[in-house]
Amino acid sequence: MDKKEYLKHEVQHINIKTFNAVPIIEQFEKTAFQARNLARAARIYDAMLADDDCTIILCLAGSLFSAGLKKIVVDLVSFNMVDVIVSTGAIIVDQDFFEALGFKHYQGTPLADDDRLMSQQIDRIYDTYIDEEELRVCDMTVKEIADGLPARPYSSREFIRIMAKYLVKKKIGKGSVMWATHQMGVPIFVPAFSDSSAGFGLVYHQWERKKKAHVTIDSVKDFLELTSIKVASKATGLFMIGGGVPKNFAQDVTVAADILGEEVSMHKYAVQITVADERDGGLSGSTLKEAHSWGKVDEGAEQIVFSEATIAVPLIASFAYHNGSWRNRNQKEFNAFLDGEKK
Ligand SMILES: NC(=O)c1ccc[n+]([C@@H]2O[C@H](COP(=O)([O-])OP(=O)(O)OC[C@H]3O[C@@H](n4cnc5c(N)ncnc54)[C@H](O)[C@@H]3O)[C@@H](O)[C@H]2O)c1
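Quick look at the structure, then.

The rules behind these values
Residues numbered from 1 in each chain as written. Predicted model: local features only at pLDDT ≥ 70, side-chain atom pairs only at ≥ 80, totals over all residues. Heavy atoms only, no water. Pairing = 2+ DSSP bridges. Helix = DSSP H or I, 4+ residues; strand = E, 2+ residues; numbered from the N terminus. Phe/Tyr/Trp six-rings, centres within 6.5 Å; stacked < 30°, edge-to-face > 60°. Buried < 20%, exposed > 50% of the residue type's maximum accessible area, 1.4 Å probe, protein only. Lys NZ or Arg CZ within 6 Å of the ring centre and 35° of its normal. Axes fitted to C-alpha atoms, helices over the stretch in contact; angles between N-to-C directions. Parallel < 35°, antiparallel > 145°, perpendicular 65-115°, else oblique. Contact = heavy atoms within 4.5 Å. Nonpolar A, V, L, I, M, F, W, Y, C, P; charged D, E, K, R; others polar. Patch = residues over 30% accessible without salt bridge, like charges linked within 9 Å, V, L, I, M, F, W, Y side chains within 5 Å. Areas by Shrake-Rupley, 256 points an atom, 1.4 Å probe, with all protein chains shown as cover. Salt bridge = Lys/Arg side-chain N within 4 Å of Asp/Glu carboxyl O. Right-handed = clockwise from strand over helix to strand, strands pointing away. Near = heavy atom within 4 Å. Polar contact = N/O pair within 3.5 Å; in protein donor to acceptor, adjacent residues only side chain to side chain. Core = buried A, V, L, I, M, F, W, Y, C linked by side-chain atoms within 4.5 Å.

1. With respect to the sheet that holds strand S10 (residues 269-274)
Right, so step 1: Across the sheet, which stays open at both edges, the six strands sit in the order S7-S2-S1-S9-S10-S11 with parallel pairing between neighbours. With partners counted over all chains shown, the strands left at the sheet margins are strand S7 (188-189) and strand S11 (302-306), one partner each.
Right, so step 2: Pairing between strand S1 (residues 54-60) and strand S2 (residues 84-87): four bridges, direction parallel. Paired with Ile-57 across the strands is Val-84, a residue of S2.

2. Here we look at the packing of aromatic side chains
Right, so step 1: Applying the stated criterion across every chain yields a total of 11 aromatic pairs.
Right, so step 2: With centroids separated by 5.1 Å and ring planes inclined at 35°, the aromatic side chains of Phe-223 and Phe-249 adopt a geometry described as tilted. Pair noted here: Phe-223 is in helix H11 (residues 219-232) and Phe-249 is in helix H12 (residues 244-259), with a separation of 26 residues, a long-range link.
Right, so step 3: Relative accessible area serves as the criterion here: at 12%, Phe-249 is assigned to the buried category.
Right, so step 4: Centroid distance Tyr-321 to Trp-326: 5.5 Å. Interplanar angle 15°. Geometry classified as stacked.
Right, so step 5: The lysine or arginine in question, Arg-152, covers the ring of Tyr-154, its NZ or CZ lying 3.8 Å from the ring centre.
Right, so step 6: Of note, Lys-296 hangs over the ring of Trp-294, and the distance from its end group to the ring centre comes to 4.8 Å.

3. Some points on the packing of H11 against H12
Right, so step 1: Direction vectors running N to C along H11 and H12 enclose 75°, while the axes themselves pass 9 Å from each other. Relative to H12, the element H11 is oriented roughly perpendicular. From H11, Ser-219, Asp-222, Phe-223, Leu-226, Thr-227, Lys-230 and Val-231 reach across to H12, where they touch Phe-249, Ala-250, Asp-252, Val-253, Thr-254, Ala-256 and Ala-257.
Right, so step 2: Residues of the contact of H11 with H12, tallied by class, amount to eight nonpolar, three polar and three charged.

4. A short note on a nonpolar patch on the surface
Right, so step 1: A cluster of nonpolar side chains, contributed by Met-140, Tyr-204 and Trp-207, occupies part of the molecular surface with about 320 Å² of accessible area.
Right, so step 2: As for its position among the elements, Tyr-204 is in helix H10 (residues 197-209).
Right, so step 3: On the basis of relative accessibility, which here comes to 32%, the residue Tyr-204 falls in the partly exposed class.

5. With respect to the pairing of S2
Right, so step 1: Residue alternation in S2 divides its side chains into two sets, Val-84 and Val-86 and Ile-85 and Ser-87, and both sets are buried.
Right, so step 2: Considered for its hand, the β-α-β crossover made up of S1, helix H4 (residues 70-78) and S2 is right-handed.
Right, so step 3: Summarising the sheet, S2 and S7 pair through two bridges and their orientation is parallel. Across the sheet, residue Ile-85 finds its bridge partner in S7, namely Ile-188.

6. Examining the site of the ligand
Right, so step 1: Taken together, 19 residues sit near the ligand, with Gly-62, Asp-195, Gly-243, Glu-308 and Ala-309 positioned nearest.
Right, so step 2: Contacts to the ligand include Ala-90, whose backbone N or O atom sits 2.9 Å from an oxygen atom.
Right, so step 3: Thr-274 has a polar side-chain atom sitting 3.1 Å from an oxygen atom of the ligand.
Right, so step 4: Contact with the protein chains covers 67% of the free accessible surface of the ligand, which is 800 Å².
Right, so step 5: Residues of the shell around the ligand, tallied by class, amount to six nonpolar, 10 polar and three charged.

7. Focus: the nonpolar core
Right, so step 1: Formed by 78 residues in total, the largest nonpolar core has its most connected members in Tyr-45, Ile-85, Phe-97, Phe-159 and Met-163.
Right, so step 2: If you tally residues by element for this core, the top one is helix H14 (residues 309-323), at nine residues.
Right, so step 3: Not counting residues up to four positions away in its chain, the partners in contact with Phe-97 are Ile-92, Cys-138, Thr-141, Val-142, Ile-145, Met-163, Tyr-166, Leu-167 and Met-178.
Right, so step 4: Cys-59, Phe-189, Leu-288 and Val-297 belong to the second-largest nonpolar core, a separate cluster that totals 19 residues.

8. Observations regarding the pattern of salt bridges
Right, so step 1: Scanning all chains against the criterion turns up 24 salt bridges.
Right, so step 2: Between Asp-83 and Lys-332 there is a salt bridge, with its nearest N and O atoms 3.9 Å apart. Of the two residues, Asp-83 is situated in the loop between H4 and S2 and Lys-332 in the loop between H14 and helix H15 (334-338); the sequence distance between them amounts to 249 residues. For the pair formed by Asp-83 and Lys-332, the shared burial category is buried.

9. Here's the deal with unusual backbone geometry
Right, so step 1: Look at Asn-80: it is not a glycine, yet its phi comes out positive at around 60°.
Right, so step 2: The phi dihedral of Glu-333 falls on the positive side, at around 45°, and the residue is not glycine.
Right, so step 3: In this structure, Glu-333 sits in the loop between H14 and H15.
Right, so step 4: Residue classification places Glu-333 among the partly exposed residues on the basis of a relative accessible area of 35%.

Spelled out as structure tokens, the structure:
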């Protein structure tokens with residue numbers, strides 16, 4: 001097979017507006033196991049949306065957008081169902097910004113000949129393919145953006161906001177999460193920003209400048225910015241898809257605020273969709289009940305759903321969209337708040 005044949009069937013993004021998950025969630029509620037847990041998680045997310053005091057933080061890990069979940073996040077942002085995003089770099093740069101530049105992800109198979117894929121410059125994520133040559137364009141676009149900026153430390157949020165402005169200026173990437181967050185003033189934090197396509201571009205940017213002044217990413221600034229959102233919010237809710245760094249980073253702001261001497265409540269609501277469990281003591285599978293012992297998550301409105309995200313997230317998001325509690329929410333526009341633009 002040549003490259004064109006491998007990269008033939010595009011991954012399509014799920015559209016939660018085309019199906020109504022309310023009836024199935026209502027039936028799940030009367031069952032057991034993960035179906036009932038999923039229904040409870042959907043209700044908790046809906047309660048966050050109905051609580052106008054609640055700032056909703058969406059945490060993203062795993063290869064979600066390459067697997068067809070991008071439009072769901074675009075819709076959650078566009079319909080004011082999310083106020084802040086904390087993510088891995090792979091999702092925001094390698095997948096969202098990448099598709100915004102006009103590239104696609106393709107359906108493949110885990111049984112592929114990986115040596116053949118490598119020789120054709122095709123990368124594989126389980127049963128999907130990516131054109132490595134296109135990823136290099138993504139890396140170099142990040143470098144081009146960094147090259148055009150004043151040399152100073154930026155939070156990943158500031159840098160991503162500049163990337164979104166780049167798309168808007170070029171009139172590309174209208175269906176991307178970056179574009180939607182630009183419209184809605186929703187900040188995106190990527191605490192491990194260099195561990196992605198962005199890292200390749202920024203390494204090249206710094207290597208070319210050697211000892212000259214260059215752009216750096218300041219993850220402490222990210223932490224301070226996210227903590228200041230927590231301090232400014234009466235209540236907070238976490239909608240976590242996957243685990244990893246985004247899960248911990250978002251949970252930790254309660255402790256950071258405490259260290260700063262600010263009186264904040266624990267996260268009032270918390271939902272996590274994950275395939276990890278608690279036996280290994282790792283963060284990704286740690287229970288939300290356990291997080292209470294650390295002073296991070298309040299008791300009563302927390303739920304883990306043990307499910308692969310491509311199955312559970314469309315159901316929860318469609319339920320919340322069709323239930324409509326988001327219709328009366330105030331738009332929080334935290335980008336303007338952080339950049340001192342609020343009237
Ligand atoms: N995933 C990629 O293809 C990829 C590509 C380039 C760079 N990276 C970088 O690698 C680092 C790790 O990222 P990661 O996104 O692979 O996360 P990860 O592997 O650290 O995932 C964290 C946890 O999330 C859960 N999880 C992941 N996918 C899930 C799914 N589909 N459904 C349910 N739960 C799921 C698992 O419990 C996992 O332990 C990040 O810094 C990222 O930028 C990842």
